[in-house]
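Residues per chain are reported as follows:
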Amino acid sequence: MSQVLVPDIGDFKEVEVIEVLVKPGDAVTKEQSLITLESDKATMEIPSPAAGVVKELKIKTGDKVSKGSPILVLDEKKQDEKKPEVNKPQPPLEAKPQTQSAASGRTQTVSVPDIGDFKEVEVIEVLVKPGDAVAKEQSLITLESDKATMEIPSPGAGVVKELKVKVGDKVAKDSPILVLEGKEERRSEARAPEAARPAEPRPAAPKAAAAPAPITNPSARPVPREPREETAVKAHASPSVRKFARELGVPLAQVAGSGPKGRVLHADVQGFVKGALQGRAPGRPPDKGGQGGLPFNLPAWPEVDFAKFGPVESVPLSRIQKLSGPYLHRNWVSIPHVTQFDEADITDLEAFRKGQTAETEKKGFKLTMLAFMIKACVTALREYPQFNASLDRSGENVIIKKYYHIGVAVDTPEGLVVPVVRDADRKGVFDLAKELGEISKLARDKRLKAGDMQGGTFSISSLGGIGGTAFTPIINAPEVAILGVSRSYLKPIFSGKGDKGEDLFKARLVLPLSLSYDHRVIDGATAARFTTYLVSVLSDIRKSLL
Ligand code: CAO
């Protein structure tokens with residue numbers, strides 16, 4: 001029977017226990033993680049120094065521990081016992097700056113400090129770039145192994161002159177991180193200068209994992225995680241993000257990570273909180289525990305090293321994509337979508353449109369099919385008000401809106417935006433066409449304001465100018481339906497029998513429509529009636545005057 005203590009975790013004091021991974025009676029293997037500690041710079045798992053059975057826990061989640069704090073009492077398996085080695089403390093972690101010049105301010109190469117026995121740890125984030133002024137202790141890069149995530153802080157204040165690492169690089173102790181032109185006074189390298197050492201708290205995680213356990217075998221090495229329920233869905237996040245999430249009470253495992261390898265970023269936690277503040281998805285049943293109210297408990301995103309299979313390039317998502325992605329995802333997973341397809345014969349409408357284009361061109365705007373679509377949709381929405389609606393927060397009432405603000409998806413080089421045409425029922429087709437031209441230009445010039453994209457009651461996404469036959473648009477919550485429009489094409493339509501009884505066909509211009517609707521609010525029969533009605537309006541636009 002022996003007591004397992006917190007090993008040498010460098011200069012960390014009073015580090016919080018954020019997870020206790022075992023309980024009395026558990027049989028543990030050597031190197032199996034026992035607890036997780038977290039400071040604001042590092043998250044680390046403390047492995048068992050030997051195989052055995054947990055007899056008694058000496059800590060609980062929330063406790064603050066330091067080197068030598070008892071973790072648990074272990075009844076060791078005799079066969080696994082090895083001669084205890086002397087608890088040789090590891091050298092203190094220190095970045096090893098090499099002074100290069102004193103001429104134009106002191107430059108130093110900041111390198112990876114002693115990170116214990118870890119070799120080839122992956123750089124998962126580079127948090128600074130050349131030209132950045134960094135403060136002492138500001139995190140420069142994030143490293144991650146299978147046992148620890150750690151941020152390497154700057155040993156001093158200065159300006160980043162050159163980066164020596166990039167995301168994906170594997171580093172070890174002494175690998176150069178960057179060249180820093182700093183202001184701090186010269187110190188003796190041999191003394192492991194204070195300014196050159198990673199600031200408190202330092203990235204001691206790997207050291208902790210690899211450090212000699214005070215009582216038995218010191219050679220515990222990071223090993224692939226034991227498969228266990230929590231780790232299967234365990235969030236992948238840096239210590240600062242974990243801390244941020246914990247401060248806000250956000251369960252990290254429930255946050256969809258948008259970073260590399262599904263890592264949860266600061267923005268993901270913010271998005272999660274925003275979503276929560278806006279209320280749970282309408283109609284979602286209250287949290288009954290278990291999944292924390294979420295409908296899914298999916299396996300972790302596959303981690304694939306694509307470069308193993310061929311050349312690759314990593315391109316960051318645009319700002320708009322990063323912003324809209326979580327909302328698209330939320331709408332896609334939380335609204336039961338059904339898409340109803342139909343086709344409208346727009347032969348006459350197109351002839352009419354073409355007849356008007358000379359006049360509208362003179363007036364300085366373009367009359368495209370979309371302006372007619374908005375008009376026709378408003379007519380159909382008046383006839384079927386449940387499409388111009390939203391579910392309330394309880395998910396038990398439908399709010400029918402008496403105004404018609406139509407969102408129009410606009411493709412911009414930065415990504416998709418959906419400005420809203422207000423009071424479309426009170427505007428003529430020419431006004432709508434003119435406004436469409438204006439808002440799509442504003443969108444492409446990135447001059448839309450947040451208010452220009454709010455208050456929509458129904459949306460249209462037209463890919464007709466590009467091509468395609470049909471698609472399944474995602475509903476723009478809290479709206480309950482969206483109309484997708486694809487490219488019109490000439491279709492032979494049966495028009496009766498000829499003199500000799502032969503089948504006759506006429507070439508008609510047809511417009512493919514794809515209506516996605518929220519099946520909680522609208523049933524299939526109503527959706528089919530809506531599209532049938534819309535088709536009839538488009539086939540005879542005079543109906544929109546009635
Ligand atoms: N069938 C055939 N041709 C069509 C058409 C249709 N359904 N709709 C438009 N066209 C034609 C137009 O008449 C125009 O032809 P000309 O250049 O010969 O005059 C051309 O296609 C380009 O039209 P447009 O795109 O400039 O104008 P629009 O009013 O149809 O659409 C806008 C405006 C802003 C909606 C559109 O430019 C756009 O951004 N569409 C993409 C929306 C999108 O990305 N949706 C996807 C959402 S899901 O990710």
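Residues numbered from 1 in each chain as written. Predicted model: local features only at pLDDT ≥ 70, side-chain atom pairs only at ≥ 80, totals over all residues. Heavy atoms only, no water.

A. Geometry of the packing of helix α7 (residues 369–383) against helix α9 (residues 524–539). Two numbers describe how α7 lies on α9: the axes approach to 9 Å, and their chain directions differ by 135°. It follows that α7 is oblique to α9 by the angle criterion. As α7 runs across α9, the sense of the crossing is right-handed. Residues Phe372, Met373, Ala376, Cys377, Thr379, Ala380, Leu381 and Glu383 of α7 touch α9, and the partners they reach there are Phe530, Tyr533, Leu534, Val537 and Leu538. Partitioned by chemical class, the residues of the contact of α7 with α9 number 11 nonpolar, 1 polar and 1 charged. (Axes fitted to C-alpha atoms, helices over the stretch in contact; angles between N-to-C directions. Helix = DSSP H or I, 4+ residues; strand = E, 2+ residues; numbered from the N terminus. Parallel < 35°, antiparallel > 145°, perpendicular 65-115°, else oblique. Left-handed = near helix turned anticlockwise from the far one by under 90°. Contact = heavy atoms within 4.5 Å. Nonpolar A, V, L, I, M, F, W, Y, C, P; charged D, E, K, R; others polar.)

B. Summary view of the site of the ligand. Around the ligand, a shell composed of 20 residues is seen, among which Thr368, Asp411, Arg444, Ser461 and Ser488 lie nearest. For the ligand, a nitrogen atom lies 3.5 Å from a polar atom in the backbone of Gly464. Looking at the shell around the ligand residue by residue, the classes come out as 7 nonpolar, 8 polar and 5 charged. (Near = heavy atom within 4 Å. Polar contact = N/O pair within 3.5 Å; in protein donor to acceptor, adjacent residues only side chain to side chain.)

C. Structural context of the packing of helix α3 (residues 239–248) against helix α4 (residues 266–277). Contact geometry for α3 and α4: axes closest at 9 Å, N-to-C directions at 15°. Our classification of the angle between α3 and α4 gives roughly parallel. Crossing hand, α3 versus α4: right-handed. Residues Val241, Phe244, Ala245 and Leu248 of α3 form the contact with α4, whose own contacting residues are His266, Val269, Gln270 and Val273. Taken together, the residues of the contact of α3 with α4 sort by class into 6 nonpolar, 2 polar and no charged.

D. Just the side chain of Glu76, in detail. Residue position: Glu76 is located in strand β8 (residues 70–76). A distance of 2.5 Å separates a polar atom in the side chain of Glu76 from a polar atom in the side chain of Ser2.

E. Summary view of the sheet that holds strand β6 (residues 52–57). Ordered in space as β1-β8-β6-β3, the 4 strands form an open sheet in which the pairing is antiparallel. Edge positions in the sheet fall to β1 (2–5) and β3 (27–28), since each has one partner strand and no second. Here β3 pairs with β6 via 2 bridges, running antiparallel. Paired with Val28 across the bridge in β6 is Gly52. (Pairing = 2+ DSSP bridges.)

The values reported here are purely geometric and, on their own, carry no functional implication.
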